[in-house]
Amino acid sequence: MEQVLDIPSQEAITKDNAGVRIDAAAFYQVLDAAKACYEVSSLNDALMVLTMTNIRTVVGSMDLDQLLSHRDEINERLLRVMDAAASPWGVKVTRIEIRDILPPADIAGAMNRQMKAEREKRAAVLEAEGLRQAEILKAEGQKQSQILAAEGRKEAAFRDAEARERSAQAEAAATAMVSEAISRGDIQAANFLIAERYTDALKAIASAPNSKVVIVPIEAAALAGTVGGIAQLTRAVFGDEAVEARRTGSVPPTGRGA
């Protein structure tokens, strides 16, 4: 039957001179009863002393940090040593388990403060990294927004310029057609163009934001008088030949119009 041996707590010194209190439990089986009775005077005491001695040896060969974090390695080393030492007594040591490793109170407090400081440091680093990433993403978003806005303004300016160019082309074509008609003696074309510009000018004056009261000669007689004045101006420029050519249907000489 497997037996359990309670190893009492004892003080041990680590490799870096830190004192710890450690206790353990040993499990063994008697394979040869004769050897267990006659090869050793007190089997339990012998196993206890042997275990405590080897525990101090293993603890003295390790640093405190290594001792606290490598319990499996400690158990394995103790098991090898104890099994080899107890074999002549007809005993098989099956397991050695370290139960508690207690550092001094001041060292435990220092370790707790170190752990707390390390956790706070990691938290601060993670927070700073998060803020940095957030600022980068925010700046990248603003950059993309400005790029898209600039592209939009560029496209709008291009379309405005294209619209103005087409409007200018249409205006130039209309002016050329009216000029050609005038050169042929068609006074009605000049009258239509001047009347259109006249009404546009009156509309602009009336819709000005700084105008409170607008008084203009908008009656039909005044507009007809203006158109008649334009006709007299055309006669002065192109001569009576243009008017006569319009009545007879012949084309007037181009030299006078030029």
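Every value quoted in this text rests on a predicted model; they were computed, and no experiment measured them.

(A) Region of the structure containing helix 4 (residues 71-86). For helix 4, with 16 residues, the first-to-last C-alpha span of 22 Å sits near the 22 Å given by 1.5 Å per residue. Of the positions making up helix 4, those classed as buried are Ile74, Asn75, Leu78, Met82 and Ala86. One side of helix 4 carries all its buried residues, which in axial view fall inside an arc of 95°. In helix 4, the exposed positions that point more than 90 degrees away from the buried face belong to Asp72, Arg80 and Ala84. Close packing links the buried residues of helix 4 with helix 2 (43-60), helix 3 (64-69) and strand 3 (91-102).

(B) Molecular detail of the packing of aromatic side chains. For the structure shown, the criterion picks out 0 aromatic pairs. Of note, Arg95 hangs over the ring of Phe27, and the distance from its end group to the ring centre comes to 4.2 Å.

(C) Region of interest: the side chain of Asn75. Checked against the element boundaries, Asn75 lands in helix 4. Taking the relative accessible area as the measure of exposure, Asn75 reaches 11% and is therefore buried. At a separation of 3.5 Å, a polar atom in the side chain of Asn75 contacts the side chain of Glu97. If near-sequence neighbours (up to four positions away) are discounted, Asn75 is found in contact with Ile96, Glu97 and Ile98.

(D) Representation of the packing of helix 2 against helix 4. It is at 10 Å that the axes of helix 2 and helix 4 come closest, and there the two elements cross at 140°. Judged on the interaxial angle alone, helix 4 and helix 2 are oblique. Relative to helix 4, the crossing made by helix 2 is right-handed. Across the interface between the two elements, Leu47, Leu50, Thr51, Asn54, Ile55 and Val58 from helix 2 touch Ile74, Arg77, Leu78, Val81, Met82, Ala85 and Ala86 from helix 4. Here the residues of the contact of helix 2 with helix 4 sort into 10 nonpolar, 2 polar and 1 charged.

(E) Fine view of the sheet that holds strand 2 (residues 19-30). Reading across from one edge, 1-2-3 is the order of the 3 strands in this open sheet, with antiparallel pairing throughout. Here the strands that pair on one side only, and so sit at the sheet edges, are strand 1 (2-13) and strand 3. With strand direction ignored, the average angle separating the axes of adjacent strands in the sheet is 20°. In the sheet, strand 2 pairs with strand 3 via 10 bridges, with the strands oriented antiparallel. Pairing of Tyr28 across the sheet is with Val93, part of strand 3. Sitting on the sheet, helix 2 touches strand 1, strand 2 and strand 3, and the angle it makes with strand 1 is about 40°.

(F) Geometry of the nonpolar core. Leu43, Leu47, Ile55, Trp89 and Ile98 are the most contacted members of the largest nonpolar core, which totals 31 residues. If you list the elements that add at least two residues to this core, you get strand 1, strand 2, helix 2, helix 3, helix 4 and strand 3. Among the elements that take part in this core, helix 2 stands out by supplying 7 residues, more than any other.

Cut-offs used in this document
Residues numbered from 1 in each chain as written. Predicted model: local features only at pLDDT ≥ 70, side-chain atom pairs only at ≥ 80, totals over all residues. Heavy atoms only, no water. Helix = DSSP H or I, 4+ residues; strand = E, 2+ residues; numbered from the N terminus. Expected span 1.5 Å × (residues − 1). Buried < 20%, exposed > 50% of the residue type's maximum accessible area, 1.4 Å probe, protein only. Arc of directions from axis to C-beta. Contact = heavy atoms within 4.5 Å. Phe/Tyr/Trp six-rings, centres within 6.5 Å; stacked < 30°, edge-to-face > 60°. Lys NZ or Arg CZ within 6 Å of the ring centre and 35° of its normal. Polar contact = N/O pair within 3.5 Å; in protein donor to acceptor, adjacent residues only side chain to side chain. Axes fitted to C-alpha atoms, helices over the stretch in contact; angles between N-to-C directions. Parallel < 35°, antiparallel > 145°, perpendicular 65-115°, else oblique. Left-handed = near helix turned anticlockwise from the far one by under 90°. Nonpolar A, V, L, I, M, F, W, Y, C, P; charged D, E, K, R; others polar. Pairing = 2+ DSSP bridges. Core = buried A, V, L, I, M, F, W, Y, C linked by side-chain atoms within 4.5 Å.

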